[in-house]
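Chain and residue survey
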Amino acid sequence: MKYLFFSWLAVFVGSWIVYVEYSSYTELCRGHDCKNSICDKFRKGVIDGSACSSLCEKDTLYLGKCFTAKPNNQVYSGSWGDLDAVIKCQLDDAPRYDLGNKPRREAASYDTPPKGTSVEKFREMIYNHLKAKVGDQADLTELATQVLSISDANRDGHISLPEARSTWALLQLNEFLLALVLQDREHTPKLLGFCGDLYVTEKVPHSPLYGITLPWLIEVWIPAGLRRRMDQWFTPSWPRKAKISIGLLELVEDVFHGNFGSFLMCDVSPITFGYNDRHDFKVIDARNIVPEAVFQENIRQQRCDNDEDCVYGSDCVTSCDLTKHRCTTDVARPNLAKACEALKDYILRGVPSDMREELEKQLYACIALKGTNEQMEIEHSLILNNLKTLLWKQISHTKDS
C-alpha cells in the first residue's frame, strides 16, 4: 500500500509539473499568432520586406525553438534557408521605449508614413525620429541614409509604401535602433531581413554568456554561493573569456558618448549576452539598452514615493525627489560599474596567478564607480582603458587574441 501511495503521488506531481510547463509554454510562445498577423498584413499589401515572401509564401523561414520570456516579444530560433537564425516578432501589445512600472504600449498600426509621402519627406521623418531618440548628433544624416537603404528590401532602387511602413515600425524598437547604431562594431548580430516589425538576425551560437539552467524544483534547494560557482562550470578557457570580456568592455565604450549619443545599459545580466565560435562578444537582447535622452525624458515624468519606484530594467536606478514626487534623471551607477560586476566571477575564475591581484584591484575599483559628473567620466575612461590593456597584454601572444 505504501509503494502504491508513493507511485500515485509521483504520477500526480509529475502530471502537475507537465501541466504547469505546458500552460506556461502556450501562454508565452505565440509564434503562430505572430506569423499569422504579419502574413495577413503582407497579403493585404500593408507591409513588405525582405523576409515576407520566405515567411508567408515559400515557407523557407522557419520558426523553431521558442525562447520567449514575455508574450508581447516573441523570440524563436529557427532557420532561413541554410542559415541558422533568430526571429523576433512583436505582438500588438508590445511596449516601445517603456519606462516605469506600467509600460506605455503602442500597437504597430502600419499607417506611417501616410500615402503620398515622398522619399525626401520620409528621409526627413527618419532624421527627426532619430534626433528625438539619440539627440542632435553629427552623423545623423548618414544614419538616416543607411535606414533608407535598408528600406529598399528588394533592391529595386525604389521604396514602396509597404516597405516604408515596415521600416518605420522597426525604428520604434529599441533593439533595432541599437543594432543600427552599432552595425559597424559587430557587437550586435547581423540583421538578415524583416517583414513589418518582425525581423531576423544571425544566430549567436553560445548564449547566455555564462550560467546553467536548472529545473526550479532543484534551484530552490541550492545555496546562493554554490549556485554562483555552478554558473562558471561550463565556461571557455581563461584566454577566451578574456577576449569575450574585452568585447563587453568595448560595448560599454561604444555606447558611452559614442557617435550617436549615449545609451544606458539597464540589464547587464549574462542572459542578455553571448559569443560566437570565434569568441567574439555579442549582444543577444538589447531591449534594455536605451538612449540616455529617451530615458531621462521619461524617467523625470515617473511618479515616485521612494527610490524603488525609480527603476528601469534591473540595473538603471535613479533617486526619488520627495519634494516633487518625481524621479531624478541621473542613474546611480554607470554602465562600466555594472559590466564589471557582471564579469567579476566570470573573469576571475581561472585567471593566471601572476595577474590575479592586479585584476581584482581594477575590477573592484570599477565596480565602485558611481555618478556621472565630469570627474567621474575621466576616471571611467581611465579604468576602462586600464582593464582592456591588462587583459590584452595577457592574451596578445596567444592564438585566442
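What you are looking at is a predicted structure, and each value in this text was computed from that prediction instead of being measured.

1. With respect to the side chain of K282
Mapped onto the elements of the fold, K282 is located in strand 8 (residues 281–283). On the accessibility criterion, K282 (8% relative accessible area) is buried. Reaching out from K282, the side chain makes a polar contact with the backbone oxygen of E186 at a distance of 2.9 Å. Sequence-distant contacts of K282, defined by excluding residues within four places in its chain, comprise E186, H187, T188, E202, V204, F273, G274, Y275 and N276.

2. Considerations on empty space enclosed by the protein
Here the idea is plain: a probe the size of a water molecule rolls over the atoms and shows the empty space left. One pass over the structure, following the stated rule, counts two cavities of 30 Å³ or more. Within this model, the second largest cavity holds a volume of roughly 40 Å³. Every element with two or more residues in the lining of the second largest cavity is listed here: helix 10 (238–255), helix 12 (335–348), helix 13 (353–367) and helix 14 (374–395). For the lining of the second largest cavity, the per-class residue count stands at seven nonpolar, one polar and no charged.

3. What to know about the layout of surface pockets
The computed volume of the second largest pocket comes to approximately 270 Å³. If you go around the second largest pocket, you meet 17 residues; those closest to its centre are V181, D184, R185, N259 and F260. Elements that contribute at least two residues to the lining of the second largest pocket include exactly helix 5 (140–151), helix 7 (174–181) and helix 10. With three residues, helix 5 is the largest single contributor of residues to the lining of the second largest pocket. The residue makeup of the lining of the second largest pocket, split by class, is seven nonpolar, five polar and five charged.

Parameters and conventions
Residues numbered from 1 in each chain as written. Predicted model: local features only at pLDDT ≥ 70, side-chain atom pairs only at ≥ 80, totals over all residues. Heavy atoms only, no water. Helix = DSSP H or I, 4+ residues; strand = E, 2+ residues; numbered from the N terminus. Buried < 20%, exposed > 50% of the residue type's maximum accessible area, 1.4 Å probe, protein only. Polar contact = N/O pair within 3.5 Å; in protein donor to acceptor, adjacent residues only side chain to side chain. Contact = heavy atoms within 4.5 Å. 1 Å grid on protein atoms, 1.4 Å probe; cavity = no way out; pocket = protein on both sides within 12 Å on 5 of 7 lines; lining within 4 Å. Points joined across faces, edges and corners; volume = space filled by probe spheres on them. Nonpolar A, V, L, I, M, F, W, Y, C, P; charged D, E, K, R; others polar.

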